[in-house]
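A structural walkthrough
As a plain string of letters, each chain reads:
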Amino acid sequence: QVQLVESGGGLVQAGGSLRLSCAASGRTFSNYAMGWFRQAPGKEREFVAAITWSGGMTYYAASVKGRFTISRDNAKNTVYLQMNSLKPEDTAVYYCAAHSGGTISSAVMYRYWGQGTQVTVSS
């Protein structure tokens, strides 16, 4: 069992940066690939980024590639999402999740979810 808690969201001007953190509890954090998803009001939850258990492979949605960076520190049981060059369209609730296997960009393939943290980007 894994419990996930996101933090680091807030209000930022377009072009600014935020760093989200996801603190995990449980004995097997390093055994899970981890992902970040986001959901804006009235829209479906969408994949943002993912990272394998070793950190050796990362995946990004086309909309954030080159601007966002996912990383993890297994010793600290934490996964991060560094968000640079933020745009108003990045405004959403951001969720971290622990992968259960299968397609890494599919939300239904993630077993554990955090409560979400709000990111608002003003123009």
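Reference entry: report on the structure contained in this document. (Residues numbered from 1 in each chain as written. Predicted model: local features only at pLDDT ≥ 70, side-chain atom pairs only at ≥ 80, totals over all residues. Heavy atoms only, no water.)

Working definition: the strands of a sheet are paired by backbone hydrogen bonds and lie parallel or antiparallel to each other. Within the open sheet, the 4 strands sit side by side as E1-E3-E8-E7. Their pairing is antiparallel. Looking at which strands have only one partner, the edges of the open sheet turn out to be strand E1 (3-7) and strand E7 (68-73). Adjacent strand axes in the sheet meet at a mean angle of 15°, parallel and antiparallel pairs treated alike. (Pairing = 2+ DSSP bridges. Helix = DSSP H or I, 4+ residues; strand = E, 2+ residues; numbered from the N terminus. Axes fitted to C-alpha atoms, helices over the stretch in contact; angles between N-to-C directions.)

Proteins that are soluble and globular tend to have nonpolar side chains buried together. Residues Leu-4, Trp-36, Leu-81, Met-83 and Tyr-94 are the most contacted members of the largest nonpolar core, which totals 36 residues. Elements that contribute at least two residues to this core include exactly strand E3 (18-25), strand E4 (34-39), strand E5 (46-51), E7, strand E8 (78-83), strand E9 (92-99), strand E10 (110-113) and strand E11 (117-122). (Core = buried A, V, L, I, M, F, W, Y, C linked by side-chain atoms within 4.5 Å. Buried < 20%, exposed > 50% of the residue type's maximum accessible area, 1.4 Å probe, protein only.)

Here the focus is the state of the cysteines. Tallying each qualifying case throughout the model produces 1 disulfide. What pairs with Cys-22 in a disulfide is Cys-96, and their sulfur atoms sit 1.9 Å apart. Across the disulfide from Cys-22 to Cys-96, rotation about the S-S bond amounts to roughly 55°, and the bridge is consequently right-handed. With Cys-22 in strand E3 and Cys-96 in strand E9, this residue pair connects regions lying 74 residues apart in the sequence. We classify Cys-22 as buried; its relative accessible area is 0%. (Disulfide = S-S within 2.5 Å.)

With that settled, the discussion passes to unusual backbone geometry. Its identity as a non-glycine residue notwithstanding, Asn-77 has a phi of 55°, on the positive side. Inspection of the secondary structure puts Asn-77 in the loop between E7 and E8. By relative accessible area, which is 25% here, Asn-77 ends up partly exposed. Phi at Ser-85 is positive, roughly 50°, even though this residue is not glycine.

Don't take any of this as a statement about function, it's just geometry.
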